[in-house]
Amino acid sequence: MKKIIALILAMLMMLSLAACGTQKTEPAADAEPTEVAEPADTPITLKVSFAETQGDPKYDAMVAFKDYVEENSEGSITIELYPGNELGANADVCESITQGANIILSNAGDGLSDYGDPNFTAVGIFYTFQSADEVNKFNETDLFKEMCANVAANGVTVLSMNWVTTPRQIMSVKPLECYEDLANVLVRVPASTYATFFSAAGASPVTMPFADVYTGLETGLVEAVEAPLGTLCAYNLFEVAKYVSISNHCLAPALLCMNTDIFNSLSEKQQNALVEGSKYAGDLYTQICADTTADYRATMEANGVTFIEGTDADIEKMVAAAKEVYAAYPAMDADIYEQIMASIGK
């Protein structure tokens, strides 16, 4: 009998142990779930190339861009600023970007016309856009998005094109009292559309980095230069040129762009930091330019600069010269001006 009881007890013990072995352990009701850390973004350093120097609104906006990107990428992106065309002329830097350079370039919109969509030429033609609001409306259109997709396919990704300065004016070493006074004047220009316009107006366009303009005006290599008042003032050009003709000929929306493969290699967080940072700094730049134009004019006047107001007749002649520029670029859609106007509701 004792043997039977012992056998039964042994069997019960074995069943109990087997049950314990298959029982699942439930987590405590108040236990915190274990978080899996996301992989850290790959660190990258990007150089930012722009023509303007310290004291120009663009420089201040670039500092804001740097701070925004580095903070919102949580330090995975380091931004290095290279003002004053330190990395080279815009055209050369843009070509380097298509070859894989880790550079972000501040460029005029029409500077991308050779990289997959000739219609970019139109955004730089004088008197196309009349306000920052018109530029920002265009940035939201399907037409602009298609243009950006075309240049991205050719190696250049646009971060944003909302860097809108105040209208550009003409600064010269001798007074330009009327439209006809532009005849044969050596005018520094930044891009081909500018050269075409000033040629149509009878002037002689000259291409050179903006950093060389001071010396160019001083030595006679150029006799005039066109740019926003902020840029003209920041380069102290009032020391070598004493006349500004108010032409309001171009808002020249600028953009930030970079290599497409590098952009696509970044994490979504890093890409957002760059795109949103460009938009944020572009809006800031636009506002600073609007707020400080009067101050720049006052500074230049205090340094002996005479301002010459263009007459309505002179402006009409400049608008007519601007329309000739479209015909000079047959690679653009023949109706691109009408497409742009329709896209912004004009």
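Per chain, the residues get numbers from 1 upward, laid out in the order the sequence is written. The predicted nature of this model means local features are confined to residues of pLDDT at least 70 and side-chain atom pairs, given and counted, to a pLDDT of 80 or more, with totals for whole chains, interfaces and linings taken over all residues. In computing side-chain properties, one takes all heavy atoms of the structure into account and sets aside hydrogens as well as water.

### With respect to the overall build of the chain
1) Next: When you go through the chain residue by residue, the secondary structure sums to twelve helices and eleven strands.
2) Next: With residues, only the protein chains shown are counted as cover, and all accessible areas are computed by Shrake-Rupley using a 1.4 Å probe. Carbon and sulfur atoms form 53% of the exposed surface of the chain, whose accessible area is close to 16,800 Å². Only runs of H or I of at least four residues qualify as helices and only runs of E of at least two qualify as strands under DSSP, and these elements are numbered from the N terminus.

### Description of the layout of surface pockets
1) Next: Only protein atoms enter the 1 Å grid, on which a cavity is a set of points fitting a 1.4 Å probe that cannot get out and a pocket is an open set with protein on both sides within 12 Å along at least 5 of 7 lines, lining residues being those with an atom within 4 Å of a point. Grid points are joined across faces, edges and corners, and a volume is the space filled by probe spheres set on the points. Within this model, the largest pocket holds a volume of roughly 760 Å³.
2) Next: Lining the largest pocket we find 36 residues, and of these Asn90, Asn107, Ala108, Pro190 and Ala191 sit closest to its centre.
3) Next: Throughout, the ten residues Ala, Val, Leu, Ile, Met, Phe, Trp, Tyr, Cys and Pro are labelled nonpolar, Asp, Glu, Lys and Arg are labelled charged, and all others, Gly among them, are labelled polar. Partitioning the lining of the largest pocket into residue classes produces 20 nonpolar, ten polar and six charged.
4) Next: If you trace the second largest pocket, you find 16 residues lining it, with Asn139, Phe144, Leu159, Ser160 and Lys279 closest to the centre.
5) Next: Put simply, the parts of the chain that give the lining of the second largest pocket at least two residues each are helix H4 (132-139), helix H5 (142-152), strand S4 (156-163) and helix H10 (268-302).
6) Next: Considering each element in turn, the lining of the second largest pocket owes the most residues, six residues, to S4.

### Concerning the packing of aromatic side chains
1) Next: Note on aromatic pairs: the rings of Phe, Tyr and Trp (six-membered ring only in Trp) are paired at centre separations within 6.5 Å, and the planes decide the class, stacked below 30 degrees, edge-to-face beyond 60, tilted for the rest. Tallied over the full model, the rule gives twelve aromatic pairs.
2) Next: Centre to centre, the rings of Phe197 and Phe198 are 5.1 Å apart; their planes meet at 80°, and the pair counts as edge-to-face.
3) Next: Ring centres of Phe210 and Tyr235 lie 4.8 Å apart, and the angle between their planes is 65°; this geometry places the pair in the edge-to-face category. You can see Phe210 sitting in the loop between strand S7 (204-207) and helix H7 (213-219) and its partner Tyr235 sitting in the loop between helix H8 (229-234) and strand S9 (243-246), a full 25 residues away along the chain.

### Let's talk about the sheet that holds S7
To summarise the sheet geometry, strands pair through backbone hydrogen bonds and adopt either a parallel or an antiparallel arrangement.
1) Next: Strand pairing is defined by DSSP finding a minimum of two bridges between the two strands. In spatial order, the strands read S7-S6-S8-S5-S9-S11; together these six strands make up an open sheet with mixed pairing. The two strands at the open ends of the sheet, each matched to only one other strand, are S7 and strand S11 (306-309). Taken pair by pair, the neighbouring strands of this sheet meet at an average axis angle of 30°, ignoring direction.
2) Next: The pairing of strand S6 (residues 186-189) with strand S8 (residues 224-227) spans two bridges and is classified as parallel. Angles here are taken between N-to-C directions and fall from 0 to 180 degrees, while the axes themselves are lines fitted to C-alpha atoms, restricted in helices to the stretch in contact.

### A short note on the packing of helix H6 (residues 192-200) against helix H11 (residues 312-327)
1) Next: Packing of H6 against H11 leaves a shortest axis separation of 8 Å and a crossing angle of 130°. With respect to H11, the element H6 is oriented oblique. Handedness of the H6/H11 crossing: right-handed. Residues Thr193, Thr196, Phe197 and Ala200 of H6 touch H11, and the partners they reach there are Met318, Ala321, Ala322, Glu324 and Val325. Note on terminology: angles under 35 degrees are roughly parallel, angles over 145 are roughly antiparallel, angles of 65 to 115 are roughly perpendicular, and the others are oblique. Take the far helix as your reference; a near helix turned counterclockwise from it by less than a right angle gives a left-handed crossing, and one turned clockwise gives a right-handed crossing. The contact criterion used throughout is that any non-hydrogen atoms of two residues lie within 4.5 Å.

### Concerning empty space enclosed by the protein
The gaps of empty space that remain are located by a probe, the size of a water molecule, rolled over the atoms.
1) Next: Counted according to the given criterion, the structure contains three cavities of 30 Å³ or more.
2) Next: Considering only enclosed or pocket space, the largest cavity measures out at about 150 Å³ in volume.
3) Next: Considering the residues around the largest cavity, the lining is formed by 15 residues, among which Leu176, Cys178, Tyr179, Ser245 and Met318 are closest to the centre.
4) Next: Of all elements in the fold, only S9, S11 and H11 reach the threshold of two or more residues within the lining of the largest cavity.
5) Next: Grouping the constituent residues of the lining of the largest cavity by class yields nine nonpolar, three polar and three charged.
6) Next: Considering only enclosed or pocket space, the second largest cavity measures out at about 50 Å³ in volume.
7) Next: What lines the second largest cavity is Asp56, Pro57, Thr165, Thr166, Pro228, Gly230, Thr231, Tyr285, Cys289, Thr292, Thr293 and Tyr296.
8) Next: Elements supplying a minimum of two residues to the lining of the second largest cavity: H8 and H10.
9) Next: Within the lining of the second largest cavity, the residues separate by chemical class into five nonpolar, six polar and one charged.

### Observations regarding H6
1) Next: A 1.4 Å probe rolled over the protein chains alone gives each residue an accessible area, and that area as a share of the maximum for its type sets the label: buried under 20%, exposed over 50%, partly exposed in between. Looking only at H6, the buried set comprises Thr193, Tyr194, Ala195, Phe197 and Phe198.
2) Next: Along its buried surface, H6 packs onto strand S5 (169-172), S6, S7, S8 and H11.
3) Next: At the exit of H6 stands Gly202, carrying a positive phi of roughly 95°.

### Considering the packing of helix H2 (residues 57-72) against H10
1) Next: Packing of H2 against H10 brings their axes to within 8 Å, and their N-to-C directions diverge by 155°. Relative to H10, H2 is oriented roughly antiparallel. By crossing handedness, the relation of H2 to H10 is classed as right-handed.
2) Next: Split into classes, the residues belonging to the contact of H2 with H10 amount to 15 nonpolar, four polar and four charged.

### Observations regarding the confidence of the model for the chain
1) Next: The share of residues in the chain with pLDDT of 70 or more is 89%, and the mean pLDDT across the chain is 89.
2) Next: Counting contacts from residues 1-29, a segment whose pLDDT is below 50, to residues more than four positions away or on other chains yields zero contacts. pLDDT is a residue-level measure of predictor confidence that goes from 0 to 100.

### Structural notes on the pairing of strand S2 (residues 77-82)
1) Next: Bridge analysis of strand S1 (residues 44-49) against S2 gives six bridges, and the strand direction is parallel. Within S2, the position partnered with Ile44 by the bridge is Ile77.
2) Next: Classification remark: right-handed applies to a crossover when, strands pointing away from the viewer, the course from the first strand over the helix to the second runs clockwise. In this region the chain leaves S1, passes through H2 and returns to the parallel neighbour S2; the handedness of that crossover is right-handed.

### What to know about the pattern of salt bridges
1) Next: When a carboxyl oxygen of Asp or Glu lies within 4 Å of a side-chain nitrogen of Lys or Arg, that pair is called a salt bridge. This model, assessed by the stated rule, comprises ten salt bridges.
2) Next: Here Arg168 ties to Glu226 by a salt bridge, and the two come within 2.6 Å at their closest N and O atoms. With Arg168 in the loop between S4 and S5 and Glu226 in strand S8, this residue pair connects regions lying 58 residues apart in the sequence. The pair Arg168 / Glu226 is uniform in exposure class, with both members buried.
3) Next: Counted as one network, the salt bridges with shared partners bring together Asp41, Glu74 and Lys269.

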